[in-house]
Amino acid sequence: MKDRPDERLRFYARHFGVVENDAAYYALPSPKQAQLWTDRTPDGFVMDFKAFAPLTTHPTDPKRLPQDLRDALPAEARAKRRVYPKDLPPGMLDELFTRYWVALEPLRKAGKLGSILLQYPDWFTISRANKEEILRARERLPDDRLAVEFRNATWLSERNAQESLAFLREHGLTYVSVDEPQGFPSSVPPVAAVTSPDLAIVRFHGRNAATWKQPGLSAAERFNYRYTVDELREWVPRIGALAAEAKEVHLLMNNCYGDKAVRNAEELGALLDAQRD
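One numbering rule holds for all chains: residues counted from 1, following each sequence as written. Only residues with pLDDT of at least 70 get local features here, since the model is predicted, and only at 80 or more are side-chain atom pairs given and counted; chain-wide, interface and lining totals rely on the full set of residues. Only hydrogens and water are set aside when side-chain values are computed; all heavy atoms of the structure are taken into account.

Novice: How do you make sense of helix 9 (residues 161-170) when you look at a structure like this?
Specialist: The periodicity of an α-helix, 3.6 residues per turn, causes residues three or four positions apart to be oriented the same way. Every buried residue of helix 9 is accounted for by Ala161, Ser164, Leu165, Phe167 and Leu168. Each buried residue of helix 9 lies within a common arc of 155° when the element is viewed along its axis, so the set occupies one face. Along helix 9, the residues that are exposed and aim more than 90 degrees away from the buried face are Gln162 and Glu170. A contact between two residues is defined here by any heavy atoms of the two lying within 4.5 Å. What counts as a helix is a DSSP run of H or I of at least four residues, what counts as a strand is a run of E of at least two, and both are numbered from the N terminus. Buried residues along helix 9 sit against helix 8 (128-140), strand 4 (146-149) and strand 5 (174-179). Here's how the labels work: a residue is buried when its accessible area is under 20% of the maximum for its type, exposed when over 50%, partly exposed in between, all with a 1.4 Å probe on protein chains only. Relevant arc is that of directions from the helix axis to the C-beta atoms, nothing else.

Novice: Quick question: what am I supposed to make of the environment of Leu252 here?
Specialist: With respect to the helices and strands, the residue Leu252 is situated in strand 7 (residues 248-253). According to the relative accessible area criterion, Leu252 is buried, its value standing at 6%. As a C-alpha pair, Leu252 and Val19 span 233 residues in sequence and 7.2 Å in three-dimensional space.

Novice: Explanation requested: the side chain of Thr60 in the structure shown.
Specialist: Within the element layout of this structure, Thr60 appears in the loop between strand 2 (46-50) and helix 4 (67-71). In this structure Thr60 touches Tyr26, Phe52, Ala53, Pro54, Leu65, Arg81, Arg82 and Val83, once residues within four positions along its chain are discounted.

Novice: Explain the sheet that holds strand 5 here, please?
Specialist: Across a sheet, strands are paired by hydrogen bonds formed along the backbone, either parallel or antiparallel in direction. The sheet built from seven strands is open, its strands ordered 1-2-3-4-5-6-7 with parallel pairing. One side of each edge strand has no neighbouring strand; the edge strands of this open sheet are strand 1 (18-21) and strand 7. Each strand of the sheet is rotated relative to its neighbour by a mean of 25°, with strand direction disregarded. On the sheet, helix 13 (residues 236-245) packs against strand 6 (199-204) and strand 7 and is oriented at approximately 145° with respect to strand 7. Any two strands with at least two DSSP bridges between them are considered paired. Here the axes come from fitting lines to C-alpha atoms, over the contacting stretch only for helices, and the angles between their N-to-C directions go from 0 to 180 degrees.

Novice: Which parts of the structure should I look at to understand the nonpolar core?
Specialist: To qualify as a nonpolar core, a set must consist of buried Ala, Val, Leu, Ile, Met, Phe, Trp, Tyr and Cys residues joined through side-chain atoms within 4.5 Å. Residues Phe49, Leu96, Tyr100, Leu118, Ile134 and Phe150 are the most contacted members of the largest nonpolar core, which totals 57 residues. Here this core gets five residues from one element, more than from any other, and that element is helix 6 (residues 92-103). Core analysis: the second largest hydrophobic core is formed by 17 residues, Phe204, Tyr227, Val236 and Ala246 among them.

Novice: How do you make sense of the environment of Met47 when you look at a structure like this?
Specialist: Relative to the helices and strands, Met47 is located in strand 2. Sequence-wise, Met47 and Glu95 are 48 residues apart; in three dimensions their C-alpha atoms are separated by 23 Å.

Novice: What is the right way to read the pattern of salt bridges from this model?
Specialist: Two side chains bearing opposite charge may form a pair once their charged atoms approach each other closely. The rule for a salt bridge is simple: a side-chain nitrogen of Lys or Arg has to be within 4 Å of a carboxyl oxygen of Asp or Glu. Applying the stated rule across the entire model yields 28 salt bridges. Arg4 is the partner of Glu7 in a salt bridge, and the nearest nitrogen-oxygen pair spans 3.9 Å. Notably, a salt bridge pairs Arg140 with Asp94, separated by 2.7 Å at the nearest N-O pair. A residue pair is termed long-range when its members are at least 10 positions apart, and Arg140 in helix 8 and Asp94 in helix 6 qualify at 46 residues. Judged by its relative accessible area of 23%, Arg140 is partly exposed. On the basis of relative accessible area, Asp94 is assigned to the partly exposed category, the value being 39%. Salt bridges here are not isolated pairs; linked through shared partners, they connect Arg4, Asp6, Glu7 and Arg10.

Novice: Whenever I open this one, the pairing of strand 3 (residues 113-119) confuses me. Can you help?
Specialist: Looking down a regular strand, the side chains alternate between one sheet face and the other. Within strand 3, seven of the seven residues are buried, which leaves the element mostly enclosed by the surrounding structure. As judged from the three bridges shared by strand 2 and strand 3, these two strands associate in the parallel manner. Within the sheet, the bridge partner assigned to Phe49 lies in strand 3 and is Ile116. Across four bridges, the pairing between strand 3 and strand 4 is parallel. Bridge pairing links Ile116 to Leu146 in strand 4. Crossover handedness is defined here as right-handed if the route from the first strand over the helix to the second strand goes clockwise, with the strands pointing away from the viewer. Each parallel crossover has a hand, and for strand 3 linked through helix 8 to strand 4 it is right-handed.

Novice: Hey, could you run me through unusual backbone geometry in this one?
Specialist: Outside of glycine, negative phi angles account for most residues, and trans bonds account for most peptide bonds. In this structure, Thr57 takes a positive phi of about 70° despite not being glycine. Its location among the elements puts Thr57 in the loop between strand 2 and helix 4. The phi angle at Asp143 is positive, at roughly 75°, despite the residue not being glycine. Positionally, Asp143 belongs in the loop between helix 8 and strand 4. Judged by relative accessible area, Asp143 falls into the exposed class, the value being 72%.

Novice: Honestly, helix 8 in this entry has me stumped. Any pointers?
Specialist: Here a helix's expected span is defined as the number of its residues, less one, multiplied by 1.5 Å. Its 13 residues give helix 8 an end-to-end C-alpha distance of 19 Å, which sits within 8% of 18 Å, the value for a rise of 1.5 Å per residue. Every buried residue of helix 8 is listed here: Asn130, Lys131, Glu133, Ile134, Ala137 and Arg138. Considered in projection along helix 8, the buried side chains sweep an arc of 155° and stay on one side of the axis. In helix 8, the exposed positions angled more than 90 degrees off the buried face are occupied by Arg128 and Glu139.

Structural data, given as structure tokens:
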């Protein structure tokens, strides 16, 4: 008999202190489900959440919207395979932000809400308008720790890096450091930086350049990569520098193919433990 999702979460939480909830990107979480996540994890465990796709200018399948909101879409938008925020009626995006924020209240009350990840798409270049877009998300998700991940190299180019980090710092937003394939317009360099004294985050996407932009692949196939111990070791001093400036550091493995993420998490943990010894 296959194990159930609740059993997997309980098992995982016995070995690690943080997990990233990716499902929240594809559909709004519910307060009932958030309460179950709260009940099934021990004290001290935290869950980082990806923002629901339209909250970060991504499209979504109309079928993934709550029924009442889907019914409120214009007929043309309901018939589309993907709707963008610009396709939504006035006020609907605000309603999505509100429902998303309310849904996480059980975790928030229990002290188990780690952060909300605002991962912006690869067409989201550095600009005044896009900075304002980020600040609108800050206003609509009050009080929570927000982390920003860029998927466009212009934000962290040699010319713009300091400006981008200063912008995040000014507004209390956590910069998400990344390890990912290089050489693409979406490639952000592996800069380790702290922009909020409360939290630093590193997301490991793997280094599989062959699948990074290959169309038609699942998320797991795209991030199919097993880091070597030497590759993980490159991050040990960087993580140490982050920990010296931030109260918490979340290390998230997104190479979600088979057991590669969990194995690499174990190996990175061992490297960090050895460094402390």
